[in-house]
Structure formats: C-alpha cells, structure tokens
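Observations on the model geometry
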Amino acid sequence: MKSAGAKQLVATVEKTTGYKVVVDTVEDIGEDAQMITARPELPVHTIRVSKAKLRHADYIVANQCAMLLRIWAESARIPVFSPIAAKVSYFADRAANSKPLSQQPAKVAQQTAMRFAQGMLHQVRSMPLEILTVRDCRELCPDLHDLQAEAVESQLRLLSDILAPRIRSIAPDQIWRNNISMNAAFALNWSELSGSPLAMLPYESAGFAQIAAKLLGEVNTKSAKTTDAYTQLVDSWAEQVGLRMLYKWEYRNGKQ
Amino acid sequence: MNPQPFSFSLRLEDFDLSRLPISADVLRADRDLLVQAISKYYTAIFQKLGGTANVAIAEGAVHVSWYPETGEPRDILFNHARSLLKRGNYRDADPILHSLHARYLNST
C-alpha cells in the first residue's frame, strides 16, 4: 500500500477500535472487497481486496476503513443488520409469483427472487454508508482523488447496467425501480462531489432524478458519525424502497 | 490576435465507452443518451482548460473546437497531458492525447 491517506485511515481504525487491520486479496467476487469486522473469536479486521480490482486497492482499503470507522462509531454499541428469514422468504415468494419471474420454472423463479431480495438488502445496508465513505475518503485522502474517481466511475458503470434492456426484462418492476433509485442516489452524490453531470445522465433520462435527490437528502441529514445516525439512515432508505420490515437491528459490544 | 482554435472530429463508434461512468450496454441501446454523454464528456474536459469549448455531434461523429484564452493550443494540451501523466493520472491524460492524435494524425 503506497497511499499516505490509506495508511493513515488504517492507523486510525486500529487506534479507534483497538484491533489490527489485515489486508489480503480474494479471487474475483463481483465486488471490490470483502470486509470482516473484528469479533472476540477473530480479533482483527480483515479487508480482502478482489484480485480483479487490485489497481484500485489503496482506495478500496481506505474506503473499507472509512466504513469501519462509521460502523464502530460507538464501540460499545456496534449495529448489526439482521435480516428476518421468514419475512425475506415471504418477500422473495411474492417476487417469484410476479411477472416476469412467474413465467420461469418455479424453482428458477424462487432462486432468482431470493437472490434479488438478498441483493436489495445488501444494497440498502451498504449503499448509504458508502455514499458517506466516498465523501470521507475525498476529504481525508487527497492523494487518492484520481484513484477514487477511477474506482467510483468503474462502480457506476457496473451499477448502471441495471438500466440495460436485458436486465429490465428479467427483474420484477418494483425491485428494478428500487434498485435503480438507490443507484441513482449514489450517482447523484458522485456528480455533486466530482462536479461532472455524466454519472446522473442515465438516471435523469429514465426519470429517477427526484427519488435520487430524496434519498441523498436523507444521507445529508443523517451523516453524523454515530450509531443512531447510521441505523436511522439505513431505515429511512429501507422505508423508501419497501424493505423496512425485512430486518431488525441488533447491537454488540466491540470493546476488548 | 485571437488564438487559433484546436479542432478535431472523432467517429462515435471509435469513442471508447469505458471512459464514461455509464454501462456500455445502456449507451448502445440509447442513441440520444450516447450523444449527450459524449458531448458532455468533451465539454467538461476542454472547459477545465479554460477558454471556450464548442462540441457538436453530427453525421455520426463528435466535432470539438476549443478556443484557449491565450497561447498555442497544441502546447497547452501537450503540457497538460504531460503533467497528468507525471502524476500517474493516465485516465485523464488519455483523451487529451487521443484528441491530439485525432487532430494531427493526417497533418504534417
């Protein structure tokens, strides 16, 4: 790791949480990185950068550290996002029985719907947080500005794939819309931060500018580095996209 | 004396879509969006350098004319690209170098 900003964020995480940060690589997982936060049975924070994204590794590590700092804002009360299995299954069943999934064989529809449900839950838990950490890294790591632009724009390219006709035709309408709404908020944040309107173009063209502004407004009013601000932010997004009943918050004490 | 403009044209099909923060599949499926995105992309690049940038799309190509406030456009662009390359920012240097290539490819 070469970036002074990334090294500084690793040091801040270690000092703030009392646990070391271990950086490793992982085979291409379709995401930038996996992060496993420290627990008594595994007393290190592990950040595994996807081998496909090694070029952006310094930024990815900085971003994951910024996430850790927000999740561990109050180390005696670390929020844990816990999906409620029965409700997630019900949500997936409804999606499986609606078009276009209902036109698939039942087993395929069920599996696809469950993947959609899990993906949406992951997105609602992580995307508002990532908007904040994109901002944190912008402020705390000036040496990573160029790399951040490259990494975020690469992510935006992938996210906007949802607007491609081939995806539109396989996703239930409400899931498709909710996914795009969250992506649009992420794009709007980057447009504002970078000063470039490009990221928002496909979402404006598809009619998602207003919901993007609304979701980003929630981020702006709940951006404090506290446990309550984080959980309230996720809850406000989940409310907007109809996922609020599918999970609950649990809290654990991270102090050693 | 007004400085000479720097002008070049590039066929849309030769534009590298991976330069944009938008899915290539989405751009290929929506011609209007593609035109808007490429136009805004070049406008932003040349406006950052000061002066005036005119970007138009016609007959399947993007046509860019940039009027710097002062100085020789080719020198300004080379120097800008070189400073970007020195700090490792290949991503932003690349379109400048490509525009120089498009402009001077057939001239001696």
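Overview of the structure. (Residues numbered from 1 in each chain as written. Chains lettered and ligands numbered in written order. Predicted model: local features only at pLDDT ≥ 70, side-chain atom pairs only at ≥ 80, totals over all residues.)

All names here are of chain A. Read from one edge to the other, the open sheet built from 3 strands follows the order 1-3-2, with strand pairing classed as mixed. Of all the strands in the sheet, the pair left with one neighbour each is strand 1 (20-26) and strand 2 (33-36). Going across the sheet, the axis of each strand differs from the next one's by a mean of 15°, ignoring polarity. In this structure, strand 1 lies alongside strand 3 (residues 44-50), joined through 7 bridges in parallel fashion. Looking across to strand 3, one finds that Asp 24 is bridged to Arg 48. (Pairing = 2+ DSSP bridges. Helix = DSSP H or I, 4+ residues; strand = E, 2+ residues; numbered from the N terminus. Axes fitted to C-alpha atoms, helices over the stretch in contact; angles between N-to-C directions.)

A word on the environment of A:Ala229. Residues and elements named next belong to chain A. Within the element layout of this structure, Ala 229 appears in helix 10 (residues 227-240). The exposure class assigned to Ala 229 is partly exposed, which follows from the 16 C-beta atoms found within 10 Å. Taking the C-alpha atoms as reference points, Ala 229 and Val 80, separated by 149 residues in sequence, lie 14 Å from one another. Here Ala 229 is in contact with Lys 222, Ser 223 and Ala 224, once residues within four sequence places are set aside. (Buried ≥ 20, exposed ≤ 12 C-beta atoms within 10 Å, placed from the backbone. Contact = placed C-beta atoms within 7 Å.)

The interface is formed by 17 residues belonging to chain A together with 15 residues belonging to chain B. Elements that contribute at least two residues to the side of chain A that touches chain B include exactly helix 5 (145-159) and helix 8 (201-205) of chain A. Here the element with the most residues in the side of chain A that touches chain B is helix 5 of chain A; it accounts for 5 residues. When its residues are assigned to classes, the side of chain A that touches chain B shows 9 nonpolar, 3 polar and 5 charged. (Nonpolar A, V, L, I, M, F, W, Y, C, P; charged D, E, K, R; others polar.)

Moving on, we get to the sheet that holds strand 2 (residues 52-58) of chain B. Residue and element names in this part refer to chain B. Pairing is antiparallel in the open sheet, where 3 strands are placed in the order 1-3-2. In this open sheet, the two strands that pair with only one neighbour each are strand 1 (6-11) and strand 2. Each strand of the sheet is rotated relative to its neighbour by a mean of 15°, with strand direction disregarded. Here strand 2 runs beside strand 3 (residues 61-67); their pairing, made up of 7 bridges, is antiparallel. Looking across to strand 3, one finds that Ala 53 is bridged to Trp 66. Each of strand 2 and strand 3 is contacted by helix 2 (residues 31-48), which is oriented at about 160° to strand 2, the strand it contacts most.

The next subject is the environment of A:Gly18. Residue and element names in this part refer to chain A. You can see Gly 18 is positioned in the loop between helix 1 (4-17) and strand 1. Of the residues examined, Gly 18 has 14 C-beta atoms within 10 Å and is grouped as partly exposed. Along the chain, Gly 18 and Ser 75 lie 57 residues apart, while their C-alpha atoms are 9.6 Å from each other.

This brings us to unusual backbone geometry. Here the amide bond leading from A:Lys99 into A:Pro100 is cis, since omega sits at 5°, within 30 degrees of zero. Relative to the assigned elements, A:Pro100 resides in the loop between helix 3 (85-96) and helix 4 (106-140). One non-glycine residue, B:Glu59, lies in the positive phi region at around 50°. Note that B:Glu59 resides in the loop between strand 2 and strand 3.

Turning next to helix 1 of chain A. Residue and element names in this part refer to chain A. Taking 1.5 Å of rise per residue, 14 residues should cover 20 Å, and helix 1 covers 20 Å from first to last C-alpha, within 8% of that figure. Buried within helix 1 we find Gly 5, Ala 6, Leu 9, Val 10, Val 13 and Thr 17. End-on, the buried residues of helix 1 take up no more than an arc of 140°, which puts them together on one face. Exposed and oriented more than 90 degrees from the buried face of helix 1 are Ala 11 and Lys 15. Where helix 1 is buried, its residues touch strand 1, strand 3, helix 2 (57-71) and helix 4. A positive backbone phi angle near 85° is found at Gly 18, which sits one or two residues after helix 1. (Expected span 1.5 Å × (residues − 1). Arc of directions from axis to C-beta.)

So yeah, pure geometry; function would need other evidence.
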